[in-house]
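Notes for the structure review
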Amino acid sequence: MKKSRIVMGATALTMAAVAIIACSKEKTAQNETITEQQPKNPNDYTLAEMIEVMTWEEGKAFFENQTVKDYTYVCEKVLNDCDLIWKAQGSSYSIQWRWLKPNGECDNVLYGICSGRKSDTTFRCENARGFFEDDKFVIVPTTTENGFSADGYLAVGGPVVMENDTIVISEGIYAAYYDEDSGKYAAVAVDFETIH
């Protein structure tokens, strides 16, 4: 009789341990699921992930025929220029680092360039510097916010008129320049047109 009680007690303990482990694994799996469902920061999206989460109304069709334009050599040239401070005079910009939808509105989730303006004495919210080099417009963000994807691309969904200036940034996908010293994407060179 004692033997059967010991066996039954051991069996009950084993079953309780199995139940506790099963509950623990289930709880861990639920926590992992909740973590995966949390929304991503827009800068955490790679370009491919951004395209994947985008709807047709948001501009997914834009990416069908686009090739990446890589002008990083121009960025490197500007960032390594010793006269950078002198060239920066009068070239502060305020850029809205958001995706430009086909209807002209700014997306509040996805990144890119939606609008911008050259700063003047009455408007002091600059977050970038602009430089003209080798027929490209080099944009150097001056704050932590920028429109780059996690893998270093800037998507411009349509022409962006820079207010208080004579340029329009051309649509396209541009490769950003990665600065080894700072460990981040530090600049991007884009095509532009001049307006009068």
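Now for a description of the structure that goes with this document. It should be emphasised that the depicted structure is a prediction, and the values quoted were computed from it without experimental measurement. (Residues numbered from 1 in each chain as written. Predicted model: local features only at pLDDT ≥ 70, side-chain atom pairs only at ≥ 80, totals over all residues. Heavy atoms only, no water.)

Attention shifts here to the packing of aromatic side chains. Here the structure, examined in full by the defined rule, presents ten aromatic pairs. Geometrically, the ring pair formed by Phe62 and Phe63 is edge-to-face, given 5.0 Å between the ring centres and 85° between the ring planes. Comparing Phe62 with Phe63 shows no difference in burial state: the two are buried. On the basis of an interplanar angle of 40° and a centroid distance of 6.3 Å, the ring pair of Tyr71 and Tyr174 is categorised as tilted. Remark: Tyr174 occurs in strand β9 (residues 172–179) and Tyr71 occurs in the loop between β1 (68–69) and α3 (72–79); sequence separation between them is 103 residues. Overall, the relative accessible area of 16% leaves Tyr71 in the buried class. Residue Tyr174 is classed as buried on the basis of its relative accessible area of 0%. Taken together through their ring pairs, the aromatic side chains of Tyr93, Phe132, Phe137 and Phe192 make up a single cluster. Here the guanidinium or amino end of Lys136 rests over the ring plane of Tyr71, the centre of that ring lying 4.2 Å away. (Phe/Tyr/Trp six-rings, centres within 6.5 Å; stacked < 30°, edge-to-face > 60°. Buried < 20%, exposed > 50% of the residue type's maximum accessible area, 1.4 Å probe, protein only. Helix = DSSP H or I, 4+ residues; strand = E, 2+ residues; numbered from the N terminus. Lys NZ or Arg CZ within 6 Å of the ring centre and 35° of its normal.)

A few words on the nonpolar core. Counting 30 residues, the largest nonpolar core has Ile113, Val138, Ile139 and Ile169 as the members making the most contacts within it. Each residue touching Val138, except ones within four places of it in the same chain, is listed here: Val74, Cys75, Val78, Arg129, Gly130, Phe131, Ala187, Val188 and Ala189. Judged by nonpolar contacts, the second largest core, of ten residues, contains Tyr45, Leu110, Ala155 and Ile173. (Core = buried A, V, L, I, M, F, W, Y, C linked by side-chain atoms within 4.5 Å. Contact = heavy atoms within 4.5 Å.)

Residue position: Lys136 is located in strand β5 (residues 136–141). When its relative accessible area of 14% is taken as the criterion, Lys136 is described as buried. One polar contact links Lys136 to Asp191, side chain to side chain, over a distance of 2.8 Å. Aside from chain neighbours lying at most four places away, what touches Lys136 is Tyr71, Val74, Phe131, Ala189, Val190, Asp191 and Phe192. (Polar contact = N/O pair within 3.5 Å; in protein donor to acceptor, adjacent residues only side chain to side chain.)

For the rest of this paragraph, the subject is α3. Regarding α3, the residues found buried are Val74, Cys75 and Val78. Down the axis of α3, the smallest arc covering the buried residues is 100°, so these residues share one side. (Arc of directions from axis to C-beta.)

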